[in-house]
Every structure is written in C-alpha cells, then in structure tokens.
Amino acid sequence: MMKPLPGQLSAVISEAHGYEVGLEGLDVTVHFKDREREIEMLFTGLLKHRGVSLIYGPRGAGKSTLIEVVVKGVKRLGGFENYAFMHFHFDEGIIKELQIHMPGLSNEVINELRGAFMLDVGIDPIRFTVKMESVIDIIAKTLERYRLSDKMVVVLFDDIDKYTEMYGHGVLEAVVNAVSDVIRRRNASMKAIFMVSDQVAVNVINRVGPKGGLSPYLIWNLPRKAFEDVVGEVSEKLGVRGVNVDLLWQLIGGNVRELAVLIGRYNWDVKPWLQGEIVKMIEYAFDDYRVARGLGKPSNVLGKMIDDGNSAVREYGLGEFNGQPDIVRNDYGLLEKNIIINVGLPRVTHLSELPSEPWVGRDYAYQIPAYYWALRAMIKRKSINVTPEEILRIISTSAPIQ
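Note that this is a predicted model, so its numbers are computed, not measured. (Residues numbered from 1 in each chain as written. Predicted model: local features only at pLDDT ≥ 70, side-chain atom pairs only at ≥ 80, totals over all residues. Heavy atoms only, no water.)

Visitor: Would you mind showing me how to read the packing of aromatic side chains here?
Guide: Remark: the centre distance and the inter-plane angle together describe each pair of aromatic rings, the angle taken between the planes. Under the counting rule described, the total for this entry stands at eight aromatic pairs. On the basis of an interplanar angle of 85 degrees and a centroid distance of 5.5 Å, the ring pair of F43 and Y83 is categorised as edge-to-face. Of the two residues, F43 sits in helix α2 (residues 36-46) while Y83 sits in strand β4 (residues 83-91), which places them 40 residues apart along the sequence. Here F43 matches Y83 in class, with each residue buried. Members of the aromatic cluster, each reached through a chain of ring pairs, are F43, Y83 and F85. (Phe/Tyr/Trp six-rings, centres within 6.5 Å; stacked < 30°, edge-to-face > 60°. Helix = DSSP H or I, 4+ residues; strand = E, 2+ residues; numbered from the N terminus. Buried < 20%, exposed > 50% of the residue type's maximum accessible area, 1.4 Å probe, protein only.)

This is the structure in structure tokens:
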C-alpha cells in the first residue's frame with residue numbers, strides 16, 4: 001500500500017480548511033479549523049495497516065466532521081487512487097447515510113459494493129451482527145474477484161454506538177469480533193473503523209484487544225486557538241458582541257457541539273447552561289450510582305468521592321483533593337454518563353494533542369471542563385446543591401478570566 005506523499009497530505013489539509021461545516025442545531029456554518037495533526041496521522045498511521053481500529057473521543061469533539069471533510073477533500077483532489085472510502089452513518093437505529101468514494105474503480109464494482117451496504121439491518125441485534133459481518137464479507141470477496149489487493153478499502157462505521165446502545169453494547173463487541181474475523185480469514189486489504197462517543201462502548205470494544213489488528217485512537221476537542229477562532233466566526237455571523245472567549249474555554253474546552261448547545265438553547269447565557277446541562281448531569285450520575293450501590297441519597301455519593309479523594313491525595317502526596325480526573329477516575333457513575341473519559345487505554349494512540357489543563361489527566365479527563373469546575377465547587381461546599389455563581393467564582397479564583 002503506497003503512502004500519500006507529504007504534498008498530497010498538505011493539499012488535503014488545505015482543502016479541508018476551505019470547507020464550511022454546520023453547527024448542530026444552528027443555522028450557521030464555520031470554516032473547518034485545525035486538525036492538521038489528525039489528518040496526517042490518519043493516513044500515515046491509522047490507515048497504514050489492515051484490520052480493525054477504534055476512533056473515540058468526547059461527544060461533540062468532531063470525529064464525524066473530520067472524516068467527512070477528509071473524504072470530501074480526497075474525492076475533490078484526486079491522487080488517492082489506492083484508497084476507497086465507504087462511510088456508514090448510524091442514527092437512532094437506522095443507516096442514516098451511506099457515502100462511497102472509490103477512485104479508479106468501474107461502476108460494476110462500485111454498484112456491487114453499494115449493494116452490500118444497502119441491507120435492511122432492522123432492529124434485531126442478532127440479525128444486525130450477521131448483516132454487518134455479511135457486508136464485510138461481500139467487500140472482501142469483491143476485492144478478491146477483481147484482484148484489487150492494491151486498494152485499501154476503508155469502511156467507516158460512524159456513531160454505531162447510537163444504534164447498539166438500544167440493546168447493550170455487547171452487540172457492538174460481537175460486531176467488532178465478527179468484522180475482525182472476516183478481514184483476517186479473507187486476508188483482505190481492508191480497514192474497518194468504528195467511531196464511538198460512549199465511553200461504555202469504548203470499554204466493550206477494547207475487550208476485543210489486539211485481535212484482528214484492533215487499535216484505539218483518541219481524538220480530542222479543538223485546541224484553544226482553533227476554538228477561539230470558531231467562537232469569533234460564529235459570534236460575528238450571529239451579530240453577537242462582547243463574548244468572553246476565555247470563560248468559554250474554561251467551560252467548554254473546545255467542544256463545538258457544546259458551544260452550539262450553549263448558543264441554541266441558552267442564547268450564550270452560561271448560568272442556565274451550567275444549571276441545566278452540567279449540574280443536572282452530575283446529579284443524574286450520582287443518582288444512578290447511589291441506587292446501584294445502595295448509598296441512600298445522592299449527597300452520599302459526593303461524600304464517598306470526597307473521602308476517597310482525600311485518602312488518595314494524602315497517599316500520593318498530591319496536596320488538596322479538588323476533583324482531579326486521575327483521582328476521580330471512572331467511578332461514581334461519571335464514566336457511564338460521559339462526564340469522564342479514559343484517555344489512557346492500553347495501546348491508545350492520541351490523534352490529537354491533549355491540552356495541559358487541570359481537567360485533563362494522564363489516564364482520565366473530563367469530556368468538557370465545566371464538569372470539572374462544577375464538581376470542584378461541590379467538593380468545596382461539600383454539597384451537590386451548588387449555583388452557577390459558585391462555579392463561576394471557583395473558575396475566576398483558580399483560573400483568572402480576562
């Protein structure tokens with residue numbers, strides 16, 4: 001498999017930055033920002049070997065957008081005849097979208113492969129697993145029949161966890177196992193990429209291990225400069241002045257989806273957003289955890305977190321417990337609610353450079369920093385009943401806002 005030349009990658013990156021992408025729930029678009037590192041690593045690392053890979057990261061980090069602009073750029077630029085992309089998008093239990101880009105292949109081959117994807121997966125989890133295995137098997141047979149071993153067929157299963165969460169993510173593990181088996185058995189020149197946001201799904205998939213070449217890749221929210229550029233472009237297009245970009249970074253940390261939620265649902269007002277989206281989600285996590293563990297009131301969960309955290313920081317000489325992600329880790333229901341995410345999975349490759357911020361640890365991180373600051377306010381008050389004003393005060397005294 002030939003690797004793209006540096007000039008080709010530069011062209012893809014330049015092409016990607018020329019696209020405008022929509023913000024979920026808003027009637028506004030912004031230019032695609034940053035992601036040079038991710039695009040380069042996509043071609044020089046992730047797509048280098050056949051098998052199965054996992055791309056995961058915070059919800060709203062831009063996984064789908066990255067893939068869409070890359071495939072669109074490759075299609076427009078040409079020069080990537082050794083790659084064939086098939087993009088399978090799931091949403092609410094259906095195949096929402098199918099994109100096939102196969103330069104240099106005849107319509108006969110393309111139609112045959114398209115037919116493999118045009119399967120009614122239905123809502124039966126067993127049937128779903130069998131049909132996903134069938135899709136990969138048909139592609140592998142087609143590669144053999146037309147002697148296309150020089151092509152790397154990249155099959156992207158986008159947001160597949162939205163589909164499988166209805167049945168339990170064990171279904172996802174079965175699908176990954178089945179796909180790995182077909183690629184290995186057929187010795188097919190294929191890369192199957194499962195893109196997920198749900199941390200529980202990540203853990204399930206990771207149980208498959210290195211079988212079939214499975215390897216996890218982490219993509220993170222936008223870095224600060226790119227996020228500031230997005231905020232500036234959005235606020236200019238919407239005619240909004242006086243936006244506190246420093247504060248938005250401390251609250252949202254480069255997550256464009258959450259920025260769209262703040263704008264679309266709360267008209268840029270961070271106080272009701274903190275109460276309605278952040279504090280409430282932590283309360284949900286604590287409530288589920290206390291029911292599962294028989295801890296009585298949700299406040300008992302916070303009490304347990306504080307006791308455990310204080311013991312940990314004393315043992316490791318880390319000073320004061322204030323909700324550090326590597327101390328909190330994956331406990332208290334925070335991982336299940338996608339508040340905390342594991343950034344230190346075995347064999348994980350970081351497509352993105354993680355920011356050096358208190359909400360990002362070595363092994364765990366908060367998906368957006370507002371969760372960190374809200375928990376820090378709860379820990380300080382020793383109560384889950386904190387106000388947005390208290391959270392903002394914690395931020396202003398710990399990370400001064402301009």
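From this point, things continue past the structure.
Visitor: What's the story with the packing of helix α10 (residues 245-252) against helix α15 (residues 369-381) in this structure? I'm lost.
Guide: Describing two packed helices takes the angle between their axes plus the distance from one axis to the other. It is at 5 Å that the axes of α10 and α15 come closest, and there the two elements cross at 80 degrees. In terms of their interaxial angle, α10 and α15 are classed as roughly perpendicular. For the pair α10 and α15, the contacting residues are W249, Q250, L251 and I252 in the first and P369, A370 and W373 in the second. Here the residues of the contact of α10 with α15 sort into six nonpolar, one polar and no charged. (Axes fitted to C-alpha atoms, helices over the stretch in contact; angles between N-to-C directions. Parallel < 35°, antiparallel > 145°, perpendicular 65-115°, else oblique. Contact = heavy atoms within 4.5 Å. Nonpolar A, V, L, I, M, F, W, Y, C, P; charged D, E, K, R; others polar.)

Visitor: Mind showing me how you'd approach helix α12 (residues 270-293) here?
Guide: Helical periodicity: at 3.6 residues per turn, an α-helix aligns residues three or four positions apart in one direction. Between the first and last C-alpha of α12 there are 33 Å, a value that for 24 residues agrees with the 34 Å anticipated at 1.5 Å per step. Bending of α12 peaks at approximately 30 degrees at the position of K280. The set of residues buried in α12 consists of V270, W273, L274, E277, I278, V279, I282, A285, F286 and Y289. The elements touched by buried residues of α12 are α10, α11 (256-266), α13 (298-316), α15 and α16 (388-398). The backbone nitrogen of K271 has a side-chain oxygen 3.2 Å away, supplied by the residue at the start of α12, namely D269. Directly beyond the C-terminal end of α12, a positive phi value near 65 degrees is found at G294. (Expected span 1.5 Å × (residues − 1). Bend = angle between axes of the 7 residues up to and from the residue. Polar contact = N/O pair within 3.5 Å; in protein donor to acceptor, adjacent residues only side chain to side chain.)

Visitor: Is there a simple way to think about the packing of α15 against α16 in this case?
Guide: Put simply, α15 and α16 touch, their axes get as near as 9 Å, and they point 100 degrees apart. Between α15 and α16, the interaxial angle falls into the category roughly perpendicular. The residues of α16 that touch α15, namely those facing W373, A374, R376, A377, K380 and R381, are E390, I391, I394, I395 and S398.

Visitor: Sorry if this is basic, but what is going on with the side chain of E390 here?
Guide: By the element assignment, E390 lies in helix α16. Given a relative accessible area of 18%, E390 falls into the buried group. Reaching out from E390, the side chain makes a polar contact with the backbone nitrogen of T387 at a distance of 2.8 Å. The contact partners of E390, leaving out residues within four places of it in the chain, are A377, R381 and N385.

Visitor: Would you explain the nonpolar core in this entry?
Guide: The tendency in soluble globular proteins is for nonpolar side chains to be buried as a group. The biggest cluster of nonpolar side chains holds 138 residues, and the ones touching the most others in it are F43, M190, F194, W273, F286, M305 and L334. For W273, the contacting residues outside a window of four places in its chain are L251, I252, E258, V261, L262, Y266, I278, I368 and A370. (Core = buried A, V, L, I, M, F, W, Y, C linked by side-chain atoms within 4.5 Å.)

Visitor: Explain the side chain of N338 to me, please; I cannot follow it from the model alone.
Guide: With respect to the helices and strands, N338 occurs in the loop between α14 (325-328) and β9 (340-342). The exposure class assigned to N338 is buried, which follows from its relative accessible area of 8%.

Visitor: What should I look at first to understand unusual backbone geometry in this one?
Guide: Here D34, not a glycine, exhibits a phi torsion of approximately 60 degrees, which is positive. Relative to the helices and strands, D34 is located in the loop between β2 (29-31) and α2. One non-glycine residue, R329, lies in positive phi territory at about 55 degrees. Considering the arrangement of structural elements, one finds R329 in the loop between α14 and β9. What makes R329 partly exposed here is its relative accessible area of 35%.

Visitor: In this structure, what is going on with the pattern of salt bridges? I would like to understand it.
Guide: For side chains of opposite charge, pairing can occur when their charged atoms come near one another. Enumeration according to the criterion identifies 22 salt bridges in this entry. With a shortest N-O distance of 3.6 Å, K271 and E389 are connected by a salt bridge. Residue K271 is found in helix α12, and its partner E389 is found in helix α16; the two are separated by 118 residues along the sequence. According to the relative accessible area criterion, K271 is partly exposed, its value standing at 36%. The class for E389 is partly exposed, based on a relative accessible area of 37%. Put simply, D137, K141, E144, R185 and R186 are held in one network by salt bridges that share partners. (Salt bridge = Lys/Arg side-chain N within 4 Å of Asp/Glu carboxyl O.)

Visitor: Can you help me understand the pairing of strand β7 (residues 190-196) in this one?
Guide: Across the seven residues of β7, seven count as buried, placing the element largely inside the fold. The pairing of strand β3 (residues 51-56) with β7 spans six bridges and is parallel. Residue pairing across strands places V52 opposite A192, the latter belonging to β7. Across six bridges, the pairing between strand β6 (residues 152-158) and β7 is parallel. Note on β7: the bridge partner recorded for F157 is F194. (Pairing = 2+ DSSP bridges.)

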